[in-house]
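What follows is the residue order along each chain.
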Amino acid sequence: MAEADKELHLDEQAEPAPEAEAPEFSSAEESAPEPVEEPAAETAGEPAADEAVSAAPTGPVYDESSPKKWYIIHTYSGFENKVRESLQSRANAFGFAHKIGQILIPTEEVVELRGGKKVTSKRLVYPGYVLVEMEMDDALWHEVKNTPRVTGFVGGGNTPVPLSADEVNQILYRQASSAERPRPKTTFEKNDSVRIVDGPFANFSGKVDEVNTERGTLRVMVTIFGRATPVELEFLQVEKV
C-alpha cells in the first residue's frame, strides 16, 4: 500500500494519546494493559457510564472457516466508543458493511467496598483497543485505518495478523465471567502495606504475606498484642496505604 494511504485523517480537536504497547491477548490476566476505570453507577436509577459499549457477541464465538477474522485496532484512549460508531457509519456509507462483523470493546465488572456496602462498576479491559471481526483485504485495511481516531492495527504492519480462536474465546470468557463474579477493583502483591477496613480487625494495619487470586483472599500479617499474627481477609476488606 502507498505511504499516502497510511496517513490518518483525524479529528482536529482530538489529542493523540501517548504511544502504547500492544497487549498480549494470549495471556489476558497477566499482561493486559492496566485497565482504566469507568465511572461507577451506584444506584439502579443512574445510567451506566459504559452503556454504549458493545456487549459480548451471541451465537458462535468464532468460526475458523468463516472469511471474517478478529483483528485488534488501536485507538486514542477514551475514544473507543466513538471509533466503534464511526466505523459502523463509514461501513454503511462506503459500502463495506458486509465485510464487517461484530465490533467489541471488552469490559469487565469490578467490585469495591464503600461505606460498608459492595459497589459494582465496569471498566475497560484493554483501554485504547477495539476488536473488530472483518473480512480483510487491502481496501478494507485502508478504510479502517483512516477511520477518525484510529491509529492503526496491532501487529503485522501492513498485513495485520488475526487473533486465534483461543485468544478470542479467552477475551469473551473474561468478560462473561466477570458479570457472574465481579473482580476486586484493587489488586494486591506480597509485601503491600494495607489497612483493614471491614471485619473484627478493622483499622488494624499490616503487610500482605500471601495472595490467593482464585479465592480473592489475602493473608495479612497484623501486629496484635505485640506479636505478628496472620489474618485471612477478602480483597474487599483491606485497602492499600
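K.L.:
For this particular structure, what's the right way to read helix α2 (residues 80-93)?
P.N.:
Because an α-helix packs 3.6 residues into every turn, residues spaced three or four apart end up facing the same way. In this model α2 runs 20 Å from its N-terminal to its C-terminal C-alpha over 14 residues, within 8% of the 20 Å that 1.5 Å per residue would give. Residues of α2 that are buried in the fold lie against β1 (69-75), β2 (100-104), β4 (117-124), β5 (129-134), α3 (138-145) and β6 (150-153). Directly beyond the C-terminal end of α2, a positive phi value near 75 degrees is found at Gly95.

K.L.:
Is there a simple way to think about the pattern of salt bridges in this case?
P.N.:
Pairing between side chains becomes possible if they bear opposite charge and their charged atoms approach one another. One pass over the structure, following the stated rule, counts 12 salt bridges. Where Glu143 meets Arg90, a salt bridge forms, and the shortest distance between an N and an O atom there is 2.9 Å. With Glu143 in helix α3 and Arg90 in helix α2, this pair connects stretches of sequence that are 53 residues apart. The exposure class assigned to Arg90 is buried, which follows from its relative accessible area of 17%.

K.L.:
Quick question: what am I supposed to make of the sheet that holds β4 here?
P.N.:
Hydrogen bonds between backbone atoms are what pair the strands of a sheet, whose relative direction is either parallel or antiparallel. Pairing is mixed in the open sheet, where 3 strands are placed in the order β4-β3-β7. Edge positions in the sheet fall to β4 and β7 (183-184), since each of these pairs with one other strand and no more. Alignment of strand β3 (residues 107-114) against β7, held across 2 bridges, turns out to be parallel. Following the sheet pairing, Val111 is matched in β7 by Pro184. Strands in contact with helix α4 (residues 165-180) are β3 and β7; relative to β3, the strand with the most contacts, it is inclined by about 30 degrees.

K.L.:
Any chance you could explain the sheet that holds β1 here in plain terms?
P.N.:
With antiparallel pairing, 4 strands are arranged side by side in an open sheet as β2-β5-β1-β6. Strands at the two margins of the open sheet, each flanked by one partner only, are β2 and β6. Sheet twist, expressed as the mean angle between neighbouring strand axes with direction ignored, is 30 degrees. One ladder, built from 3 bridges, connects β2 with β5; its direction is antiparallel. Bridged to Ile100 within β5 is Met134. Across the face of the sheet, α3 comes into contact with β1, β2, β5 and β6 while running at roughly 150 degrees to β6.

K.L.:
Explanation requested: the side chain of Glu133 in the structure shown.
P.N.:
In this structure, Glu133 sits in strand β5. This buried residue, Glu133, is left without a salt bridge; Lys68 holds the nearest opposite charge, at 6.9 Å. If near-sequence neighbours (up to four positions away) are discounted, Glu133 is found in contact with Lys68, Lys69, Trp70, Lys99, Ile100, Gly101 and Gln102.

K.L.:
In this structure, what is going on with the pairing of strand β11 (residues 227-234)? I would like to understand it.
P.N.:
Side-chain direction in a regular strand flips from residue to residue, so the side chains alternate between the two faces of the sheet. When strand β10 (residues 217-224) meets β11, the two strands line up antiparallel, connected through 8 bridges. Each residue of the ladder has a partner; that of Ile224, found in β11, is Arg227.

K.L.:
Would you take a moment to explain the packing of aromatic side chains for this structure?
P.N.:
The tally for this structure, following the rule as stated, stands at 4 aromatic pairs. Note on Phe188 and Phe235: the rings are 5.4 Å apart at their centroids and 75 degrees apart in plane angle, and the pair reads as edge-to-face. Placement of Phe188 in the loop between β7 and β8 (193-196) and of Phe235 in the loop between β11 and β12 (238-240) is noted, with a sequence separation of 47 residues between them. Ring centres of Phe201 and Phe204 lie 6.0 Å apart, and the angle between their planes is 80 degrees; on these two criteria the pair is classed as edge-to-face.

Reading the values: the criteria
- Residues numbered from 1 in each chain as written.
- Predicted model: local features only at pLDDT ≥ 70, side-chain atom pairs only at ≥ 80, totals over all residues.
- Heavy atoms only, no water.
- Helix = DSSP H or I, 4+ residues; strand = E, 2+ residues; numbered from the N terminus.
- Expected span 1.5 Å × (residues − 1).
- Contact = heavy atoms within 4.5 Å.
- Salt bridge = Lys/Arg side-chain N within 4 Å of Asp/Glu carboxyl O.
- Buried < 20%, exposed > 50% of the residue type's maximum accessible area, 1.4 Å probe, protein only.
- Pairing = 2+ DSSP bridges.
- Axes fitted to C-alpha atoms, helices over the stretch in contact; angles between N-to-C directions.
- Lys, Arg positive; Asp, Glu negative; His and termini not counted.
- Phe/Tyr/Trp six-rings, centres within 6.5 Å; stacked < 30°, edge-to-face > 60°.

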